[in-house]
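Structural features, examined
The primary structure of each chain is shown beneath.
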Amino acid sequence: QAIENGLKVADKPADYQHIGCIHGHFLPLKYLLLADARPTVFITWMRDPIERLVSHYHYWYAVYDPDSTDTRPLHRRVVEEQWSLEQFCLSDAMRNLYSQLLWGFPLERFDFIGITEHYADDLSAFSQAFLGRELPARVRNPRQSPRPEADELGGLLRARVAKWHAADCELYRRALASRAARHLDASSVGR
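Below, the structure is looked at part by part.

Along its length, the chain carries eight helices and two strands. Ordered by position in the sequence, the α and β elements of the chain form the string α-β-α-α-α-α-β-α-α-α. In the chain, which comprises 191 residues, the share counted as buried stands at 33%. Intrachain contacts of the chain at a sequence separation of at least 6 include 64% that bridge at least 24 residues. Approximately 12,500 Å² of the chain is accessible, and the part contributed by carbon and sulfur atoms is 55%.

Now for the pairing of strand 2 (residues 112-115). The alternating pattern of strand 2 places Phe112 and Gly114 on one face and Ile113 and Ile115 on the opposite face, and all of these are buried. Sheet topology places strand 1 (residues 43-46) next to strand 2; four bridges connect them, and they run parallel. From the neighbouring strand, threonine 44 faces strand 2, where its bridge partner is isoleucine 113.

Here we take up the packing of aromatic side chains. For the structure shown, the criterion picks out 11 aromatic pairs. One Lys or Arg, arginine 52, reaches over the ring of tyrosine 98 and ends 5.6 Å from the middle of that ring. One residue, arginine 95, lies across the ring of tryptophan 164, its end atom 3.6 Å from the ring centre.

Under the defined criterion, the tally for this structure stands at nine salt bridges. Linking arginine 174 and glutamate 108 is a salt bridge whose minimum nitrogen-to-oxygen distance equals 2.5 Å. Of this pair, arginine 174 sits in helix 8 (residues 166-189) while glutamate 108 sits in the loop between helix 5 (97-101) and strand 2, and the two are 66 residues apart along the sequence. Taken together, the salt bridges that share partners define one network made up of Asp122, Arg179 and Arg182.

Quick look at a nonpolar patch on the surface now. A contiguous nonpolar surface patch, about 310 Å² in accessible area, is contributed by Val41, Ile43, Phe130 and Leu131. Mapped onto the elements, leucine 131 comes out in helix 6 (residues 119-131). Here leucine 131 falls in the partly exposed class, since its relative accessible area comes to 41%.

Attention now moves to the packing of helix 2 (residues 49-63) against helix 7 (residues 154-164). Interhelical geometry of helix 2 versus helix 7 gives an angle of 105 degrees and a closest axis separation of 10 Å. In terms of orientation, helix 2 and helix 7 fall into the roughly perpendicular class. For the pair formed by helix 2 and helix 7, the contact residues are Ile50, Glu51 and Leu53 on the first element and Arg158, Val161 and Ala162 on the second. Its residues assigned to classes, the contact of helix 2 with helix 7 comprises four nonpolar, no polar and two charged.

Rules used throughout
- Residues numbered from 1 in each chain as written.
- Predicted model: local features only at pLDDT ≥ 70, side-chain atom pairs only at ≥ 80, totals over all residues.
- Heavy atoms only, no water.
- Helix = DSSP H or I, 4+ residues; strand = E, 2+ residues; numbered from the N terminus.
- Buried < 20%, exposed > 50% of the residue type's maximum accessible area, 1.4 Å probe, protein only.
- Contact = heavy atoms within 4.5 Å.
- Areas by Shrake-Rupley, 256 points an atom, 1.4 Å probe, with all protein chains shown as cover.
- Pairing = 2+ DSSP bridges.
- Phe/Tyr/Trp six-rings, centres within 6.5 Å; stacked < 30°, edge-to-face > 60°.
- Lys NZ or Arg CZ within 6 Å of the ring centre and 35° of its normal.
- Salt bridge = Lys/Arg side-chain N within 4 Å of Asp/Glu carboxyl O.
- Patch = residues over 30% accessible without salt bridge, like charges linked within 9 Å, V, L, I, M, F, W, Y side chains within 5 Å.
- Axes fitted to C-alpha atoms, helices over the stretch in contact; angles between N-to-C directions.
- Parallel < 35°, antiparallel > 145°, perpendicular 65-115°, else oblique.
- Nonpolar A, V, L, I, M, F, W, Y, C, P; charged D, E, K, R; others polar.

In C-alpha cells, the structure reads:
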C-alpha cells in the first residue's frame with residue numbers, strides 16, 4: 001500500500017492498484033509516470049508565497065520542541081540561533097520552496113489548484129468537481145490578526161523578499177490566473 005510522509009511508498013504502477021488517494025507534502029514529479037499507467041488526478045493548494053513564508057517562520061517558533069528527535073536540522077537552527085524574520089525570508093534555505101517542490105512538474109499538469117486565500121470557495125469548487133458533493137470548510141490554526149502576515153515585513157523588505165522569491169511569486173501569479181480561468185469557465189457553463 002502506498003503511503004507518503006515517512007511510510008512505505010509503492011514503486012511500480014501495479015503497486016497502486018488498490019490506492020485511491022496519495023496526499024501529503026512531496027514532489028509530485030515522483031507520481032507523474034503513474035499517470036501513464038492509470039487515470040491520475042493531480043491537485044495542489046497554494047498560498048501567497050510571502051504570506052506562506054511569514055506564517056512558516058512563526059509556525060516554526062510556535063511548535064518548536066528542543067527535545068524532539070523529529071525536528072529537522074534547519075528548523076532547530078532557525079529557532080536556536082534566533083533568526084530574525086528578515087534573515088529567515090532572505091535565507092538560501094527557504095528560497096523559492098514552491099519551485100523546489102514543483103521541480104520538473106509543470107503547473108499546467110495540475111487538474112486543480114486551490115488558492116488558500118480563497119479557501120472556502122475553492123474547497124467548494126474542488127469538492128463539487130472531484131467528489132460530487134460539498135465538503136464543509138474547516139479552518140485550523142487561523143491567523144490571529146486580520147492583517148496579512150506579510151504586512152510585518154514593511155514595504156521595502158517585502159519588495160526585497162518578493163524579488164528573492166521571484167520564481168515562487170511567478171508560480172503563484174500563474175496559479176491565480178488558472179483560478180481566474182476556472183471561474184470564467186464555470187460562469188460560461190451556465191449561459
